[in-house]
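Residue strings, one per chain:
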Amino acid sequence: MEILGSLRSAVDAYEKVRSAGDKLKNAELTLALSDLMLKLAEVQTQAAQLQMENVELRAKLQKATEQKPVRPKVALRDGVYYLSEVLEGRPEGPYCPRCLDERGSLMLVTMTPNFAMLGRPYKCPRCREK
């Protein structure tokens, strides 16, 4: 990240000036340099936090982008969704309609053991609905 490189350069410049200040034995300069170093450390911390936030946001964006094209690739059959096109790494189905419609995510449903008595052949492990 460019900002971190710039900060590293600023810290290196600080070290050179501090070394020169030590040779001059100027108390005011030493105090000002110490203050500068504290501010640089704060900026480095903020830059690291921004970098982490950027990584998290990029991951969320990638996930949202990957999920968007799924909607046109499913078809409703027997009250659940099945893929109408092959998606790499995904079984054909069945998928929970509520999870896809409300959350935009594909969640496989499982067969209900006594579905004849319950009247619901599938159960979603996330939302517990048919």
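Residues numbered from 1 in each chain as written. Predicted model: local features only at pLDDT ≥ 70, side-chain atom pairs only at ≥ 80, totals over all residues. Heavy atoms only, no water.

1. A look at the overall build of the chain
Here comes step 1: Helix and strand content of the chain: 4 helices and 4 strands.
Here comes step 2: Put simply, the chain runs from its N terminus to its C terminus through helices and strands in the order α-α-β-β-α-β-α-β.
Here comes step 3: Going through the 130 residues of the chain one by one, you find that 22% of them count as buried.
Here comes step 4: Across the chain, every contact between residues at least 6 apart in sequence was considered, and the portion connecting residues at least 24 apart equals 31%.
Here comes step 5: Working note: accessible area of the chain is about 9600 Å², and carbon and sulfur atoms make up 56% of it. (Helix = DSSP H or I, 4+ residues; strand = E, 2+ residues; numbered from the N terminus. Buried < 20%, exposed > 50% of the residue type's maximum accessible area, 1.4 Å probe, protein only. Contact = heavy atoms within 4.5 Å. Areas by Shrake-Rupley, 256 points an atom, 1.4 Å probe, with all protein chains shown as cover.)

2. Quick word on the nonpolar core
Here comes step 1: By size, the foremost hydrophobic cluster in this structure holds 9 residues: Val80, Tyr82, Cys96, Cys99, Met107, Val109, Tyr122, Cys124 and Cys127.
Here comes step 2: When near neighbours in sequence (up to four residues on either side) are disregarded, Cys127 contacts Cys96, Arg98, Cys99 and Arg103.
Here comes step 3: Among the nonpolar cores identified, the runner-up in size contains 8 residues, and Val70, Tyr81, Tyr95 and Leu106 belong to it. (Core = buried A, V, L, I, M, F, W, Y, C linked by side-chain atoms within 4.5 Å.)

3. Some thoughts on the pairing of strand 2 (residues 80–83)
Here comes step 1: Burial along strand 2 is two-sided: Val80 and Tyr82 facing one way and Tyr81 and Leu83 facing the other are all buried.
Here comes step 2: Alignment of strand 1 (residues 74–77) against strand 2, held across 4 bridges, turns out to be antiparallel. The residue bridging Val74 from the neighbouring strand is Leu83, located in strand 2.
Here comes step 3: The antiparallel hairpin formed by strand 1 and strand 2 contains 2 residues in its connecting segment, where Asp78 sits at a positive phi of about 55 degrees. (Pairing = 2+ DSSP bridges.)

4. Description of the confidence of the model for the chain
Here comes step 1: With 84% of its residues at a pLDDT of 70 or more, the chain shows a mean pLDDT of 79.
Here comes step 2: Averaged pLDDT values for the elements of the chain fall to 57 in helix 4 (residues 115–118) and rise to 91 in strand 2. (pLDDT = per-residue confidence, 0-100.)

5. Brief notes about the pattern of salt bridges
If the charged atoms of two oppositely charged side chains come close together, the side chains can form a pair.
Here comes step 1: Going through the model one piece at a time under the given rule, you end up with 3 salt bridges.
Here comes step 2: Residues Asp35 and Lys39 are paired through a salt bridge, measuring 3.8 Å at the closest nitrogen-oxygen approach. Placement of both Asp35 and Lys39 in helix 2 (residues 27–67) is noted, with a separation of 4 residues, approximately one turn of the helix.
Here comes step 3: The salt bridge partner of Glu102 is Arg98, with a shortest N-O separation of 3.3 Å. Remark: Arg98 and Glu102 occur in helix 3 (residues 97–103); sequence separation between them is 4 residues, near one turn of the helix.
Here comes step 4: Here Arg98 falls in the partly exposed class, since its relative accessible area comes to 30%. (Salt bridge = Lys/Arg side-chain N within 4 Å of Asp/Glu carboxyl O.)

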